[in-house]
Structure formats: structure tokens, C-alpha cells
Amino acid sequence: MKGLFKSKPRTPAELVRQTRDLLIFADINSTSREAKREEKMAELSKLIRELKCILYGNSESEPVSEACAQLTQEFFKANTLRLLIICLPKLNLEARKDATQVVANLQRQQVHSRLIASDYLEANKDLMDILISGYEDTDLALHYGAMLRECIRHQTIARYVLESEHMKKFFDFIQLPNFDIASDASATFKELLTRHKSTVAEFLTKNYDWFFAEYNSKLLESPNYITRRQAIKLLGDMLLDRANSSVMMRYVSSKDNLRILMNLLRESSKNIQLEAFHVFKLFAANQNKPPEIVGILVANRSKLLRFFGDFKIDKEDEQFEADKAQVVKEIAALEPKDRS
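The present account deals with the structure reproduced in this document. (Residues numbered from 1 in each chain as written. Predicted model: local features only at pLDDT ≥ 70, side-chain atom pairs only at ≥ 80, totals over all residues. Heavy atoms only, no water.)

Throughout the structure, instances matching the rule amount to 28 aromatic pairs. With a centroid separation of 5.3 Å and an interplanar angle of 40 degrees, the aromatic rings of Tyr135 and Phe173 are classed as tilted. Residue Tyr135 is located in the loop between α7 (126-133) and α8 (141-151), and its partner Phe173 is located in helix α10 (residues 166-173); the two are separated by 38 residues in the primary sequence. Residues Phe212 and Tyr215 carry aromatic rings whose centres are separated by 6.2 Å and whose planes lie at 55 degrees to one another, so their mutual orientation is tilted. Taken together, the residues span about one helical turn, with Phe212 and Tyr215 both in helix α13 (residues 208-220) at a distance of three residues. Directly above the aromatic system of Trp210 lies the positively charged group of Lys168, at a separation of 5.0 Å from the ring centroid. (Phe/Tyr/Trp six-rings, centres within 6.5 Å; stacked < 30°, edge-to-face > 60°. Helix = DSSP H or I, 4+ residues; strand = E, 2+ residues; numbered from the N terminus. Lys NZ or Arg CZ within 6 Å of the ring centre and 35° of its normal.)

What follows covers the pattern of salt bridges. All chains considered together, the criterion is met by 27 salt bridges. Between Glu165 and Lys168 there is a salt bridge, with its nearest N and O atoms 4.0 Å apart. Its relative accessible area of 36% is what places Lys168 among the partly exposed residues. Residue Arg228 pairs with Glu267 through a salt bridge whose shortest N-O separation is 2.7 Å. Taken together, the residues span a long stretch of sequence, with Arg228 in helix α14 (residues 225-239) and Glu267 in the loop between α16 (255-265) and α17 (270-285) at a distance of 39 residues. By relative accessible area, Arg228 is classed as buried at 13%. What emerges from the salt-bridge pattern is a single network uniting Arg17, Arg20, Glu74 and Lys77. (Salt bridge = Lys/Arg side-chain N within 4 Å of Asp/Glu carboxyl O. Buried < 20%, exposed > 50% of the residue type's maximum accessible area, 1.4 Å probe, protein only.)

In the contact formed by helix α1 (residues 12-28) and helix α3 (residues 65-77), the axes pass within 8 Å of each other and the chain directions differ by 35 degrees. Helix-helix and strand crossings are classified by hand; for α1 and α3 the assignment is right-handed. On α3, the residues that touch Pro12, Ala13, Val16, Arg17 and Arg20 of α1 are Ala67, Gln70, Leu71, Glu74 and Phe75. (Axes fitted to C-alpha atoms, helices over the stretch in contact; angles between N-to-C directions. Left-handed = near helix turned anticlockwise from the far one by under 90°. Contact = heavy atoms within 4.5 Å.)

Packed helix pairs are characterised by how far apart their axes lie and by the angle those axes make with each other. The contact between α10 and α13 brings their axes to 10 Å, and the two run at 10 degrees. With respect to each other, α10 and α13 are oriented roughly parallel. Along the contact surface, α10 presents Met167, Lys168, Phe171 and Asp172, while α13 presents Trp210, Phe211, Glu214, Tyr215, Lys218 and Leu219. When its residues are assigned to classes, the contact of α10 with α13 shows six nonpolar, no polar and four charged. (Parallel < 35°, antiparallel > 145°, perpendicular 65-115°, else oblique. Nonpolar A, V, L, I, M, F, W, Y, C, P; charged D, E, K, R; others polar.)

See the structure below:
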């Protein structure tokens, strides 16, 4: 008889409500009977998988925008996102992966032309504290890291993270011994420093001294090749961005920065040399070089001209050759400046 009375498929809003109920159970019932708990957690994993299917579609069907909107609206009506983040450690690996994809997708879902995830996160910024601290937990780091990168697509949330004390922790996260976690932290760090141009420019201007002191000593002078390579590439991306022009002028007026760049030009790695060249050319092109910068360039002129004479890259690149010729011309024409 059972087959005659098939249960009606649950609506997206019902699925979210049932997920929320089970997350509340998972959050507060750590001591309930093992069998009952296992059964509830299995049901929770199944529900999260269903939410993912609605948002992403499956092999048989594309996602339906109306269903996605209903799901999103219900999800942010109460604290489902907070519960999902807090309960992530209690889920099994597959459910964690599904939950991460659900959270990522919800950041892009519009309801009546509004990103309601942005409004929710604005009122619950402390969730970023939980996601960032995930880098200190090997089991959660990659899941929380992926969620965090999606959340900082919202400018106000990126600003919160940039202005928080957490920003200083990224210099250590990037150097964690676990390669996958260090790479994930590095991807988040890059996203924070390149996505929202005006917010990044404001952050770098306000925090110039401590930020670049850390950046130079911990990243550009790191003993780790991958850290140095990623750091010099990101530095070039930041300084060559027009929004950061005043930060760039300040950076290329420092003799300590110039010394670091000249050391990176001497690296055996062609990749690091090339990325260092893209930053070094900014020092050479500066038409208002401070006397100490001119002094270092003049004192090292013959070495630099010899280096650039031999400096080649694997493939032909007209822009690179033009930039190199300009740098050589600038250095050859320098006259020592009076420091008075």
C-alpha cells in the first residue's frame, strides 16, 4: 500500500527549514544516543546534497531560478548560514564539500535583483572570524577558505577582513607547512588585495608601514621559493594597478625596497627574475627619484647594465624588450644627486 501514497516532493523552503532543524539538533545534541544521532546526521547530509542539487542542477536538469530564489530567501531568513558554518566540523567529508558549494553559490544568488547574502553577512560579520580561524584547523581550512573567498566578493565584507586584526595572520598562514592550506591562504590573500580596487587602495594607504614591513620581511625575503615567487608577482599586480598609484610612488622611493628588488633580480629562478623586473622598472622610471635611490643605482650601474645586457626570457616579447631598453636608458643617464 505504501507505494500508492507517495510523499509530496518537498519545496525548497521546506528543505531549508528541515536542514535548519537538523543543524540545531547537531549543534546542541552532542550527547544523544549514538544510533539516533547517526540517523539524524545521515538525513542532514542528504538534505545538504538536495540543496546543492537545487542550486547547481544535476546531470538531468539545469537549476530553476524560481526554486533557487525560494531556497535563498528561506536560507537567509533565519540563521541557517551561521548554523551551517558552526556545525561544519560535525559533518562528514562529503557533506562538508556539499555545504561549501552551497555557501559559495548562495553568495551569487539574487532575489528581486538583490544579493541578500551580502545584507545578511553585513549584519553577521563575526562569521568571517570563524572562517578565517579555520586556517588553523587542518580538517576545516580548505572548506572555510573556499567559503571565505566567496564571501569577500561582497565589498563591505572584504573591507571588514582587510581592516581586522586577521589581516596580519595571513602572513603566517601563507607560510604554513601544509602546502594545500598555504596555497589556499595565499589565494584568499591575493583576492583580498586585488578584487575591490578602491577598498584596497584605501587599506594600503592607511596601513602602508606595517603592511609592507611584513610583506618584505615575511614574503619577499622568505626562505621558501614558492612564497617569494607568489609574493613578487602579487606585488607587481598591486603596484601596477592605477588605483594604487600613490602607494606605488611611496614604495619606489624607499632604498630598502630597492635593495630587496635588486636581490630578487639576482635569483637563479627566471620566473622570480622576470616578476622582480616588472617592479624594478618602476624604480627606474620614477622621474622624482630620491637621492639615496639615485646613489644606489649609480653605485651599481655597471653591474646593472651588464645584467640587463644578458637578461633574456624564453619567448620573444616586444613589450619586455622595450621596457628593458627604457630601464637601461634611465640607468645609463643617471647623474649622482646632491643630498642636501
